[in-house]
Amino acid sequence: MKKKKCIAMLLAGGQGTRLYALTSRVAKPAVSFGAKYRIIDFPLSNCANSNIDTVGVLTQYQPLILNEYIGNGEPWDLDRSYGGVHTLPPYQAKKGGEWYKGTANAIYQNLHFLNEFDSEHVLILSGDHIYKMDYSKMLAEHEANNADCTIAVIDVPKEEASRFGILDFDESKRILSFEEKPKKPKSNHASMGIYIFKKDVLVSELVADEKNPDSSNDFGKNIIPTLLKKKMNVFAYGFSGYWKDVGTVTSLWEANMDLLGENPLINLNDSNFKIYSRNRPLPPSHIGAGGRVLNSIMTTGCEVDGTVINSVLGEGVVIEEGALVKNSVVMRGTTVGKNARLNYAMVDENCTIGENCVLGDETSDKNSITLIGGGVNLKKGTKLKAGEIVEREE
Amino acid sequence: MKTMGIVFSNIHDKELGELAEKRTLASVPFGGRYRLIDFPLSNMVNSGISKVGIITKSNYQSLMDHVGSGKHWDLSRKNGGLMILPPFGEEMNGLYNSRFEALKNITHFLKRSEETYVVMSDCDCICNADFADIVRRHVGHNADITVVYRAKDIKPDKERTILDIDKDGRVNKVTVTNKQSGVKNVYTNICVMNRLFLLNILENSAELGYKSFSKDVLVKGCKNYHIYSYEYKGYFASIDSMANYFKHSLELLEKNKRDSLFNSDGANIYTKVRDSAPCRLEDTSIVQNSLIADGCVIEGTVINSILFRGVKVAKGAVIKDSIVFQESEIAQNSRLNCVIADKQVRILENRELSGHATHPYYIAKNVVI
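What you see is a predicted model, and the numbers here were worked out from it, not measured in a lab.

Thresholds, definitions, all that
Going along each chain's sequence as written, the residues are numbered from 1 onward. Here every chain gets a letter starting at A, and every ligand a number starting at 1, in the order they are written. Residues qualify for local features only when their pLDDT is at least 70, as the model is predicted, and side-chain atom pairs are given and counted only at 80 or more; totals for whole chains, interfaces and linings, by contrast, use all residues. Water and hydrogen atoms were dropped before computing side-chain values, which therefore reflect all heavy atoms in the structure. In this description a helix means any DSSP run of H or I spanning at least four residues, a strand means any run of E spanning at least two, and both kinds are numbered starting from the N terminus. Put simply, the radius of gyration uses C-alpha atoms, and a globule should come to 2.2 Å times the residue count raised to 0.38. For every residue, the accessible area (1.4 Å probe, protein chains only) is compared with the maximum for its type, and the residue is labelled buried under 20%, exposed over 50%, or partly exposed between those bounds. Pairs of residues are marked as contacts when any of their non-hydrogen atoms sit within 4.5 Å. Note on areas: Shrake-Rupley, 1.4 Å probe, and residue coverage restricted to the protein chains presented here. Only four residue types enter the charge count, namely Lys and Arg as positive and Asp and Glu as negative; His and the chain termini do not. Where a charge lies is defined by one atom per residue type, namely NZ (Lys), CZ (Arg), CG (Asp) and CD (Glu). When two components associate, each loses some accessible surface as probed by a 1.4 Å sphere; the sum of these losses over both components is called the buried area. By definition, a salt bridge exists where a carboxyl oxygen of Asp or Glu is found within 4 Å of a side-chain nitrogen of Lys or Arg. In protein, a polar contact means a hydrogen-donor-capable atom and an acceptor-capable atom, both N or O and within 3.5 Å, with residues adjacent in sequence counting only if both atoms are side-chain atoms; elsewhere, any N or O pair within 3.5 Å suffices. Geometry of aromatic contacts follows a simple scheme: Phe, Tyr and Trp rings, the Trp one being its six-membered ring, pair when their centres are within 6.5 Å, and the pair is stacked under 30 degrees between planes, edge-to-face over 60, tilted otherwise. Lysine NZ or arginine CZ positioned within 6 Å of the ring centre and within 35 degrees of the ring normal marks a charge as sitting over the ring. Confidence of the prediction at every residue is given by pLDDT, a number between 0 and 100.

A.B. asks: I keep staring at the overall build of chain A and nothing clicks. Help me out?
C.D. replies: Counting its regular elements, chain A contains 8 helices and 31 strands. By the compact-globule yardstick of 21 Å for 394 residues, chain A fits well, its C-alpha radius of gyration being 22 Å. Looking at chain A as a whole, 58% of its 394 residues qualify as buried. By sequence separation, contacts in chain A at least 24 residues apart represent 59% of the contacts at least 6 residues apart.

A.B. asks: Honestly, the overall build of chain B in this entry has me stumped. Any pointers?
C.D. replies: Scanning chain B for helices and strands turns up 10 helices and 28 strands. Rg of the C-alpha trace for chain B: 21 Å, near the compact-globule value of 21 Å for 369 residues, within the 12% margin. Each of the 369 residues in chain B was classed as buried or not, and the buried ones make up 57%. Contacts in chain B between residues far apart in sequence, at least 24 positions, make up 58% of those at least 6 positions apart. If you sum the accessible surface of chain B, you get close to 15,300 Å²; carbon and sulfur atoms cover 44% of it. Taken as two groups, the 49 positive and 43 negative side-chain charges of chain B have centres that lie 1 Å from each other.

A.B. asks: What's the story with helix α9 (residues 242–251) of chain B in this structure? I'm lost.
C.D. replies: Since the α-helix packs 3.6 residues into each turn, any two residues three or four apart lie on the same face. Of all 10 residues in α9(B), 8 are buried, a share of seventy percent or more. Looking at α9(B), one finds that the buried residues are B:Met242, B:Asn244, B:Tyr245, B:Phe246, B:His248, B:Ser249, B:Leu250 and B:Glu251.

A.B. asks: Even after reading the chapter, I still don't get the environment of B:Ile340, so can you show me in this structure?
C.D. replies: Residues and elements named next belong to chain B. Positionally, isoleucine 340 belongs in strand β25 (residues 339–341). The class for isoleucine 340 is buried, based on a relative accessible area of 0%. As a C-alpha pair, isoleucine 340 and asparagine 10 span 330 residues in sequence and 21 Å in three-dimensional space. Every residue in contact with isoleucine 340, bar those within four places of it in the chain, is listed here: Leu19, Met242, Tyr245, Phe246, Ile323, Phe325, Pro360, Tyr361, Tyr362 and Ile363.

A.B. asks: Would you explain the interface of chain B and chain A in this entry?
C.D. replies: A common way to express how large an interface is: the accessible area buried when the components associate. Counting residues at the interface gives 37 residues for chain B and 35 residues for chain A. Carbon and sulfur atoms make up 46% of the surface buried where chain B meets chain A, a total of about 3,000 Å² over both sides. Among the residues chain B hides against chain A, the three largest losses belong to B:Asp275, B:Pro278 and B:Arg280. Together they make up 20% of the total. Put simply, chain B and chain A have 4 salt bridges between them. The partner of A:Glu74 in a salt bridge is B:Lys71, with the nearest N and O atoms 3.1 Å apart. Our enumeration of links across chain B and chain A arrives at 23 residue pairs in polar contact (both at pLDDT 80 or more). Contributing elements (two or more residues each) for the side of chain B that touches chain A: α10 (255–262), β14 (279–281), β15 (286–288) and β16 (290–292) of chain B.

A.B. asks: Explanation requested: the pattern of salt bridges in the structure shown.
C.D. replies: It is possible for side chains of opposite charge to pair when their charged atoms get near one another. All names here are of chain A. In the structure shown here, the tally under the stated rule is 34 salt bridges over all chains. With its nearest N and O atoms 3.0 Å apart, the salt bridge here joins lysine 199 to aspartate 118. Here lysine 199 is found in helix α6 (residues 199–211), whereas its partner aspartate 118 is found in the loop between α4 (111–117) and β6 (121–126), with 81 residues between them in sequence. On the basis of relative accessibility, which here comes to 5%, the residue lysine 199 falls in the buried class. Two residues, lysine 366 and glutamate 254, come together in a salt bridge whose shortest N-O distance is 2.6 Å. Remark: glutamate 254 occurs in helix α8 (residues 249–257) and lysine 366 occurs in the loop between β27 (358–359) and β28 (370–372); sequence separation between them is 112 residues. Look at the salt bridges and you will find they share partners, linking Lys3, Asp118 and Lys199 into a network.

A.B. asks: Sorry, what's going on with the packing of aromatic side chains here?
C.D. replies: A ring pair, where both rings are aromatic, is described by two values, the distance of the centres and the angle of the planes. All told, the structure shown has 21 aromatic pairs over all chains when counted by the stated rule. An angle of 65 degrees between the planes, with centres 5.4 Å apart, marks the rings of A:Tyr69 and A:Trp76 as edge-to-face. Accessibility classification places A:Tyr69 together with A:Trp76 in one group, the buried group. Considering the side-chain rings of A:Trp253 and A:Tyr344, the 5.4 Å spacing of their centres and the 35 degrees angle between planes classify their relative orientation as tilted. Highlighted residues: A:Trp253 in helix α8 and A:Tyr344 in the loop between β24 (341–343) and β25 (345–347), separated in sequence by 91 residues. Judged by relative accessible area, which is 9%, A:Trp253 ranks as buried. Judged by relative accessible area, A:Tyr344 falls into the buried class, the value being 18%. Clustering of aromatic rings is evident, with ring pairs tying together B:Phe30, B:Tyr34, B:Phe39, B:Tyr245, B:Phe262, B:Phe308 and B:Phe325. In this structure, A:Arg38 is placed above the aromatic ring of A:Tyr69, and the distance from its NZ or CZ to the ring centre is 5.1 Å. Looking at B:Arg33, its charged tip hangs above the ring of B:Tyr34, at a distance of 5.9 Å from the centre.

A.B. asks: How should the confidence of the model for chain B be read in this particular structure?
C.D. replies: Residues and elements named next belong to chain B. For chain B, per-residue confidence averages 92 on the pLDDT scale, and residues scoring 70 or more make up 97% of the total. Of all helices and strands in chain B, the one with the weakest mean pLDDT is helix α3 (residues 99–105) (87), whereas strand β19 (residues 306–307) scores best (98). Quick note on the complex model: pTM equals 0.93, ipTM equals 0.91.

A.B. asks: Explain the environment of A:Ile151 here, please?
C.D. replies: All names here are of chain A. Within the secondary structure, isoleucine 151 is located in strand β8 (residues 149–155). In this structure isoleucine 151 comes out as buried when scored by relative accessible area, which is 0%. Sequence separation of isoleucine 151 and tyrosine 195 is 44 residues, and the distance between their C-alpha atoms is 4.7 Å. Residue contacts for isoleucine 151: discarding those within four places in its chain leaves Met138, Leu167, Ile175, Ser191, Ile194, Tyr195, Ile224, Val234, Phe235, Ala236 and Tyr237.

Dropping the structure here:
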């Protein structure tokens, strides 16, 4: 077989604890986003749009829905006979097995996968950001610089810099320093957690890191600082464009709202850079004679007879007569009953919001989203305050 | 009970006029995101059929583009799967003109197959039917042919195939006529046959004097063969004119019809996936009683209409009782009333276009008005 130039390893094992009820049964990358997508559609579609046809998806926390969703990779054109998408869960080996201890350890435990394809380069991705990026441009720079490792970098507002891994580079983009969540950031250049390594460098670094008992086996905390200490060729690749971490309820809500308006911050309607997803085969959405939908997006199979304002409706969502859904995200398969009122709410998949329920109050805003976990059945007339969280009982 | 499927893709092309001028009837868009052939293909797949032959005659590029390898219907299979059956050989002296002649043309395909039963459907049989149940009944009756019908109140306006049925469901008499009226058992052009029975009548058609499936095989054959009937009770439409296309399309705005067609017992209708973004409705939009597909961006008014994927409606534009196909754009302050706008049509600002429910105004593909 001809060697691949670059394969991708997508870290999708994170729990995403700050999404609370939304991740109690699914891994963060499988959380619904933007009416018809799940978060993982973005890195997978980016791969498809960057001619990367081999992707290992490292799963760990609640992998069931994620595995089913990825399936054979067909929606992302990753159903290949050589390459394609592979889910890589932790496994039991002859010498025992263990959970993935950190991001680097997760890759280390799958060195056999890297060695099987033996590509020249390996792209490391994570499944917690919404962005469109052509990785082939980053790969071209990586090769032109003859870099051992290239880190994608985005400029963030100064006041937020201490939340990120911050790095500093010279005119040639060679990285001089890297600090994970510094108290006093030297710059506002933040690492996006996207790395391209020469495959041989990655393998030897992972093997060395694994031998160090003091390491927490993490790319940001261990691998990158070690490379810099050894004065290896580490370069920055500048990215400008929409990039949003969706690790908290507020940021996930904001990212959904970023899709609204005449000129949304991220354009999903670009036929040259489509975001692919796996969807149920449903008919187009129907808006009834009494339905009203303003400044909102929705996908197939919805039936809207109520009012929807500044909101996002997933597949097959039903909004009954008299219901008012405002500033909210309603995910696939959920029904909002007659005269129910939602304001600053996020309702996960397959919920039933009974008639006359009220979610949110006058103090509701994006920092106090009322959150309903998947499969919850809210009784008629239930009233929930701003920021309340309801989860399905086990 | 292995069953294969046959779909006829060019029936009624002529009657449909401009809508099927540059495409087969099978690839005529319907219901906001589908093509007509999606219905028979999905019905077959939902009934456990994994080998389907599509008989084509002419203009079938758009059809091939739509069905591709068949993967969107799960028909990209190692064994069986989807097969396009274009005209073949010289012996026919030109293209066939009836279903029966078309079937003669695929005799080799039928011979090579191993399935015991064949389900045949026209491409415009818009319904959500469980063919597996029809085959079960066919086997139970030990029938040669089982024809699917619906009870329909008809007027003497066009030629139909009418069945007389006895209490056991056996067909006593078949009449092809345009003279009857009242509630009749009207043949839907969906039937089940034993494959070997079908091959037998195809190979002996010269002696038997058969040229047409309805007029000869059913009408003449019903005394000699075991022809049984199966009543389909769900939503059904077939398309044989522009007016009737328009009427049946807008019928989908009724919830009960939509439910019967799309939400029948978990059987979904599959189509080619285009990965459009979700549709976006702006602050200035007014949308009432309409079907809106993914990728649409609406700033204007849409009432009692169907918008296919990627339609753009600018501020002040008003679309009423109309059907707008994929990626067409309606500019500011233009008004459409009883219009069918084909793919990638551009209606510039301040245009007014109007047809009538019985004579919708048709705008051809890529036209700029």
